[in-house]
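For reference, the chains in residue letters:
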Amino acid sequence: MTGPTPGSLPLRAAEATAFLYPFLDAEEWDQDSLLADLAASARAKARESASLRRSTLQASAPLLEAAATEMAHRLAAGGRIFTFGNGGSSTDATTLADLFASPPPAAPHAAKLTTRALPAWSLTADQAVLTALGNDVGFELVFARQLIARAKPGDIAIAMSTSGNSKDLAAAFREARRRSMYTIGFAGYDGGEFATSEDVDVCFVVRSQSVHRVQESQALLGYHLWAAVHEHLAVAGEH
Amino acid sequence: MSAQRAVPVAYPFLNPAGDSGLGEELSADLAAASLTLARRFAAGATLWCLAPSWEPHARHVAVEFVHPVIVGKKALPAVALTGPNLVSTVRVSAQPGDVVIAVASADDPAVRSVMRRAPAWGITTLWIGSGARPAAGAADHVLWLDDPDPRIPATGGFVLLYHLLWELTHVCFEHPGLLTSPAPQCADEVCITCSDEGRLGEVIGIERGGQALVRTAAGEESVATVLVELVRPGDLLLIHAGMAISKVDEEAGR
């Protein structure tokens, strides 16, 4: 654990009062102390995560609005969404594609949303395609080659990353740019290469050094992007 | 902020403005689950990850443990299990002492079936989810977000829980003295836990003479089935002294 150890107090209390409880051996106290430490650490990290989610949403609001407007415009015109990423980020990108591709659930307090599912796919979903491309043309091109095969002008590319520097994602964005796709990058730290790349239309930066905290905020950003896109589509549908 | 207009205020992951972090109970549950998981890993366990409705979560949990984001942390055996025949996939994968983690709602039929069978397979279970809770004791550790909003799985709430599980499990590895699991509880010849009240077994196959081959936490054994109705492979039986004394109802608790 980094930083102060919030559980140190129970340990000292345990030592101070141990003589009162000779039937409890030292090991039991140690375990209780560790569990108290772990729980305090979990609460501290969750607070840190919530605070980062708050500041990220606030800082990203104008970009989120811009991205949702353009996405809704393209989707209404027949555009489609392709998401991709590496490792844990690939799973978060898949969750986002699944969210777009599912009909909006009827939540009791749901705002007015369109009820249509939207065409969205994760480019890590097919192991045959991934391994064929990785083996034959190199891992750097596993996403770019899929865009060559599938993407049209009017489509949307969304890459999730914590570093913003992955070569396979940069290659996919280059290809997406060539194909007149709209490109959205999610990154952590200072945004990495996504932040300055001419191939990236909108870059959401979660300003944290922790991969885990970055991914938690990115998931929520993705959710808000989905909600905002549906809101724009609903408004567009009224006119 | 217009981007937040569509977002209900009820849940912290949708609207973190009101998020005060984890409650005492959930943080204590996470702590206990992490220590259990670290102890099982230290004893050689594999972590099997299930999320039938949200498979990316199963893969995310597995990659966290197999390929840690923090350089120098130990790579641990974790595998995402997916596909249509999930119960049989887990049955053939999990060995006694292993751990299953499910990210699923309380009514997921495959996960419920796995959790019911866990004592017969000798595995430890963790269950992450949201909304209505599973029945008490449905898993060894239940890590639950009580908000009923069906969109929770896509907001990062579960991601936070399994990230914390990974982080706390690695904190436990810094305390090797606490990683030895407590000694088995049934050293005596007569033990209320595993003898008088019976052990759970899963039928593997039917044998001649009113016997069935069953899988229990202790291995495979042949038991007499004269006291129960017709048994089929996959049935769960309560076993006492080499005898199946009753069938365990599909929807009964553990």
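The rules behind each value
Residues numbered from 1 in each chain as written. Chains lettered and ligands numbered in written order. Predicted model: local features only at pLDDT ≥ 70, side-chain atom pairs only at ≥ 80, totals over all residues. Heavy atoms only, no water. Helix = DSSP H or I, 4+ residues; strand = E, 2+ residues; numbered from the N terminus. Buried < 20%, exposed > 50% of the residue type's maximum accessible area, 1.4 Å probe, protein only. Contact = heavy atoms within 4.5 Å. Areas by Shrake-Rupley, 256 points an atom, 1.4 Å probe, with all protein chains shown as cover. Axes fitted to C-alpha atoms, helices over the stretch in contact; angles between N-to-C directions. Parallel < 35°, antiparallel > 145°, perpendicular 65-115°, else oblique. Nonpolar A, V, L, I, M, F, W, Y, C, P; charged D, E, K, R; others polar. Expected span 1.5 Å × (residues − 1). 1 Å grid on protein atoms, 1.4 Å probe; cavity = no way out; pocket = protein on both sides within 12 Å on 5 of 7 lines; lining within 4 Å. Points joined across faces, edges and corners; volume = space filled by probe spheres on them. Phe/Tyr/Trp six-rings, centres within 6.5 Å; stacked < 30°, edge-to-face > 60°. Core = buried A, V, L, I, M, F, W, Y, C linked by side-chain atoms within 4.5 Å. Salt bridge = Lys/Arg side-chain N within 4 Å of Asp/Glu carboxyl O. Pairing = 2+ DSSP bridges. Bend = angle between axes of the 7 residues up to and from the residue. Polar contact = N/O pair within 3.5 Å; in protein donor to acceptor, adjacent residues only side chain to side chain.

**What about the overall build of chain B?**
A count of helical and extended segments in chain B gives six helices and 10 strands. Looking at chain B residue by residue over its 254 residues, the buried ones come to 52%. For chain B, the proportion of contacts with a sequence separation of at least 24, taken over those separated by at least 6, is 58%. Carbon and sulfur atoms make up 55% of the accessible area of chain B, which amounts to about 10,900 Å² in all.

**Re unusual backbone geometry**
All names here are of chain A. Here the phi dihedral of Ser 180 falls at roughly 60 degrees; this positive angle occurs in a residue that is not glycine. Note that Ser 180 resides in the loop between helix H6 (167-178) and strand S4 (182-187). Phi is positive for Tyr 189, close to 50 degrees, though the residue is something other than glycine. The topology assignment puts Tyr 189 in the loop between S4 and strand S5 (202-205).

**Brief notes about the packing of helix H3 (residues 88-101) of chain A against helix H2 (residues 55-66) of chain B**
Closest axis-to-axis distance for the H3(A)/H2(B) pair is 8 Å, and the angle between their directions is 170 degrees. Looking at the two axes, H3(A) sits roughly antiparallel to H2(B). Of the residues in H2(B), those touching H3(A) at A:Gly88, A:Thr91, A:Asp92, A:Thr94, A:Thr95 and A:Asp98 are B:Pro56, B:Arg59, B:His60 and B:Val63. For the contact of H3(A) with H2(B), the per-class residue count stands at two nonpolar, five polar and three charged.

**Describing H3(A)**
Residues and elements named next belong to chain A. Taking 1.5 Å of rise per residue, 14 residues should cover 20 Å, and H3 covers 20 Å from first to last C-alpha, within 8% of that figure. Across the 14 residues of H3, 12 count as buried, placing the element largely inside the fold. Turning to H3, its buried residues number three or more, namely Gly 88, Ser 89, Ser 90, Thr 91, Asp 92, Ala 93, Thr 94, Thr 95, Leu 96, Ala 97, Leu 99 and Phe 100.

**A short note on empty space enclosed by the protein**
Residue and element names in this part refer to chain A. One pass over the structure, following the stated rule, counts one cavity of 30 Å³ or more. Roughly 90 Å³ of volume is contained in the largest cavity. Mapped by element, the contributors of at least two residues to the lining of the largest cavity are H3 and helix H7 (211-238). When residues of the lining of the largest cavity are assigned to their parent elements, the largest contribution, four residues, is made by H7. Here the lining of the largest cavity is built from residues that sort into seven nonpolar, six polar and one charged.

**Let's talk about the environment of A:Ala144**
Residue and element names in this part refer to chain A. Checked against the element boundaries, Ala 144 lands in helix H5 (residues 144-150). C-alpha separation for the pair Ala 144 and His 232, spaced 88 residues apart in sequence, amounts to 29 Å. With residues up to four places along the chain from it excluded, the contact list for Ala 144 reads Ala 171, Ala 172 and Glu 175.

**A word on the packing of aromatic side chains**
Residues and elements named next belong to chain A. Within the structure shown, the criterion is met by nine aromatic pairs over all chains. Here Phe 186 and Phe 204 contribute two aromatic rings whose centre-to-centre distance is 5.1 Å and whose plane-to-plane angle is 40 degrees, an arrangement assigned as tilted. On the criterion of sequence distance, the pair formed by Phe 186 in strand S4 and Phe 204 in strand S5 is long-range, its members being 18 residues apart. Exposure class is identical for Phe 186 and Phe 204. Each is buried. Ring pairs connect the aromatic residues Phe 84, Phe 143, Phe 173 and Phe 194, which therefore count as one cluster.

**Details of the nonpolar core**
Grouped together as the largest cluster of nonpolar side chains are 45 residues, with contacts concentrated most on B:Leu30, B:Leu47 and B:Phe65. When contributions to this core are tallied by element, the ones reaching two or more residues are helix H2 (26-76) of chain A together with helix H1 (24-42), strand S1 (47-50), H2, strand S3 (99-103), strand S4 (124-130), strand S5 (141-145) and helix H5 (157-172) of chain B. If you tally residues by element for this core, the top one is H5(B), at 11 residues. Apart from residues no more than four positions distant in its own chain, B:Phe65 is found in contact with B:Leu37, B:Phe41, B:Leu47, B:Lys74, B:Ala75, B:Leu76, B:Ala78, B:Trp166 and B:Thr169. If you look at the next biggest cluster of nonpolar residues, it comprises 36 residues, including A:Leu57, A:Leu96, A:Val202 and A:Ala227.

**With respect to the pattern of salt bridges**
Under the defined criterion, the tally for this structure stands at 17 salt bridges over all chains. A salt bridge links A:Arg178 to A:Glu175; the nearest nitrogen and oxygen atoms lie 2.9 Å apart. Taken as a pair, A:Arg178 and A:Glu175 lie in helix H6 at a separation of three residues, close to a single helical turn. With relative accessibility at 59%, the residue A:Arg178 sits in the exposed group. Exposure remark for A:Glu175: the relative accessible area of 8% places this residue in the buried category. Two residues, B:Arg133 and B:Asp146, come together in a salt bridge whose shortest N-O distance is 2.9 Å. Of this pair, B:Arg133 sits in the loop between S4 and S5 while B:Asp146 sits in the loop between S5 and H5; the two residues are 13 residues apart in sequence, bridging distant segments of the chain. What makes B:Asp146 partly exposed here is its relative accessible area of 49%. A network of salt bridges, in which partner residues are shared, links A:Lys45, A:Arg213, A:Glu216 and B:Glu167.

**Description of the pairing of S3(B)**
Residues and elements named next belong to chain B. Counting buried positions over the five residues of S3 gives five, a clear majority of the element. The pairing of S1 with S3 spans four bridges and is parallel. Paired with Leu 50 across the bridge in S3 is Ala 102. Judged from the five bridges that link them, S3 and S4 form a sheet pairing that is parallel. In the strand pairing of S4, Ala 102 is matched with Trp 127.

**As for helix H4 (residues 109-121) of chain B**
All names here are of chain B. With 13 residues, H4 extends 18 Å from end C-alpha to end C-alpha; this agrees with the ideal 18 Å at 1.5 Å per step. Roughly 25 degrees is the biggest bend found in H4, and it falls at Met 115, with proline Pro 119 one to four residues downstream. Most of H4 sits out of view: 10 of its 13 residues are buried. Looking only at H4, the buried set comprises Ala 110, Val 111, Ser 113, Val 114, Met 115, Arg 116, Arg 117, Ala 118, Ala 120 and Trp 121. For H4, the capping residue at the N-terminal end is Asp 108, with a side-chain oxygen 3.1 Å from the backbone nitrogen of Ala 110.

**Brief notes about the sheet that holds S4(A)**
All names here are of chain A. Spatially, five strands are ordered S2-S1-S3-S4-S5 in an open sheet, and the strand pairing comes out parallel. Each of the sheet's edge strands pairs with one partner strand only, and the pair in question is strand S2 (120-122) and S5. Ignoring strand direction, the axes of neighbouring strands in this sheet form an average angle of 15 degrees. With five bridges joining them, strand S1 (residues 81-85) and strand S3 (residues 156-160) adopt parallel strand pairing. Bridge pairing links Gly 85 to Met 160 in S3. The strands that H3 touches are S1, S2 and S3; relative to S1, the one it contacts most, it runs at about 160 degrees.

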